[in-house]
Amino acid sequence: MDKDVILIADDEPSMRLNLVELLEQEGYTVLQASNGPEAVKMALEHQPLVVLMDIKMPQLSGIQALKTIKKKAAQIPVIVFTAYGSNEKPIEAIKSGAFDYLEKPFDIDEFLSVVKAAA
């Protein structure tokens, strides 16, 4: 695993930028993916401490990407998040191997606490 590296997978550039700034202030090196296939490729290639992944992404959903990552690199914790809250998505994410689930917009302290717990 790459020491102190976190992968952010989200199709919204502004969301990625906000998370990069926040995590870099905490001392992490941050990689970015803008879609599901890119997230899977980067997660397997770089073996980050944690993957932060949006559920709703083009080409391959966050849930599908999560399942692929967990199948090939089960040791990588994946935290999923979405702005489209519903009861079935968190359950499906956790059953698929997610470390945790957060709804956007999330509280910064809670977000950092979950990231540190996963790392």
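So, here's what we can say about the structure. (Residues numbered from 1 in each chain as written. Predicted model: local features only at pLDDT ≥ 70, side-chain atom pairs only at ≥ 80, totals over all residues. Heavy atoms only, no water.)

## Topic: the overall build of the protein chain
Convention followed: Think of it this way: any DSSP run of H or I at least four residues long counts as a helix, any run of E at least two long counts as a strand, and we number them from the N terminus. As defined in this context, the radius of gyration uses C-alpha atoms, and a globule is described by 2.2 Å times the residue total to the power 0.38. Under the scheme applied here, a residue whose accessible area is under 20% of the maximum for its type counts as buried, over 50% as exposed, and between as partly exposed, the area being computed with a 1.4 Å probe on protein chains only. Residue contacts follow a heavy-atom distance rule, with two residues in contact if any of their heavy atoms lie within 4.5 Å. For the area figures, the Shrake-Rupley method with a 1.4 Å probe applies, and any residue is considered shielded solely by the protein chains shown.
Scanning the protein chain for helices and strands turns up five helices and five strands. Going residue by residue from the N terminus, the α and β elements of the protein chain occur as β-α-β-α-β-α-β-α-β-α. The C-alpha radius of gyration of the protein chain comes to 13 Å, within 12% of the 14 Å expected for a compact globule of 119 residues. Over its C-alpha atoms, taken along the principal directions, the protein chain stretches across nearly 35 × 30 × 25 Å. Within the protein chain, buried positions represent 50% of all 119 residues. Considering only residue pairs separated by 6 or more positions, the protein chain has 61% of its internal contacts joining residues 24 or more positions apart. With an accessible surface of roughly 6,000 Å², the protein chain has 49% of that area assigned to carbon and sulfur atoms.

## Let's talk about the packing of helix α3 (residues 62-72) against helix α4 (residues 88-95)
Convention followed: Structural elements are reduced to axes, namely lines fitted to C-alpha atoms, with helices fitted over the stretch in contact, and the angle between N-to-C directions of any two is expressed from 0 to 180 degrees. Here the angle decides the label: under 35 degrees means roughly parallel, over 145 means roughly antiparallel, 65 to 115 means roughly perpendicular, and every other value means oblique. Helix crossings are classified by the rotation of the near helix relative to the far one: an anticlockwise turn of less than a right angle makes the crossing left-handed, while a clockwise turn makes it right-handed. By the convention adopted, Pro, Cys, Tyr, Trp, Phe, Met, Ile, Leu, Val and Ala count as nonpolar, Lys, Arg, Asp and Glu as charged, and the other residues, Gly among them, as polar.
Packing of α3 against α4 brings their axes to within 10 Å, and their N-to-C directions diverge by 15°. When the interaxial angle is binned, α3 and α4 end up roughly parallel. As for the relative orientation of α3 and α4, their crossing is right-handed in sense. For the pair formed by α3 and α4, the contact residues are I63, L66 and K67 on the first element and K89, E92 and A93 on the second. Residues that form the contact of α3 with α4 fall into these classes: three nonpolar, no polar and three charged.

## Here we look at the packing of aromatic side chains
Operational definition: Centres within 6.5 Å are what make two rings of Phe, Tyr or Trp a pair, Trp counting through its six-membered ring; a difference in plane orientation under 30 degrees is then read as stacked, over 60 as edge-to-face, and the rest as tilted.
With the rule as written, the count across this model stands at two aromatic pairs. When the centroid spacing of 5.7 Å and the interplanar angle of 75° are considered together, the rings of F81 and F106 count as edge-to-face. One end of the pair, F81, is in strand β4 (residues 78-82); the other, F106, is in the loop between β5 (100-103) and α5 (108-118), and 25 residues separate them in sequence. The class for F81 is buried, based on a relative accessible area of 0%. Since its relative accessible area comes to 17%, F106 is described here as buried. Arranged with centres 4.9 Å apart and planes meeting at 5°, the rings of F106 and F111 form a pair that is stacked. By the ring-pair criterion, three or more aromatic residues cluster together here, those being F81, F106 and F111.

## Considering the side chain of T82
By secondary structure assignment, the location of T82 is in strand β4. Contact partners of T82, with chain neighbours within four places excluded, come to D54, I55, Y101, L102, E103 and K104.

## Focus on the nonpolar core
Convention followed: In plain words, nonpolar cores are sets of buried Ala, Val, Leu, Ile, Met, Phe, Trp, Tyr and Cys residues tied together by side-chain atoms within 4.5 Å.
Counting residues in each nonpolar core, the largest one holds 24 residues, and the members touching the most others are L7, V51, M53, I69, V78 and V80. When contributions to this core are tallied by element, the ones reaching two or more residues are β1 (5-9), β2 (29-33), α2 (36-46), β3 (50-54), α3 and β4. Among the nonpolar cores identified, the runner-up in size contains 21 residues, and L19, L22, F81 and F106 belong to it.

## Thoughts on the layout of surface pockets
Note the following rule: In this analysis, the protein atoms alone were mapped onto a 1 Å grid. Cavities are point sets where a 1.4 Å probe fits without being able to get out; pockets are open sets with protein on both sides within 12 Å along at least five of seven lines; lining residues have an atom within 4 Å of a point. Grid points are joined across faces, edges and corners, and a volume is the space filled by probe spheres set on the points.
Quantified by volume, the largest pocket comes out at close to 170 Å³. Surrounding the largest pocket, M15, N18, L19, L22, K104, P105, F106 and I108 form its lining. In the lining of the largest pocket, the residues fall into six nonpolar, one polar and one charged.

## Focus on the environment of D100
Tracing the backbone shows D100 in strand β5. Classification of D100 by relative accessible area gives partly exposed; the value is 25%. In contact with D100, other than residues within four places in its own chain, are V78, I79, V80, I94 and V114.

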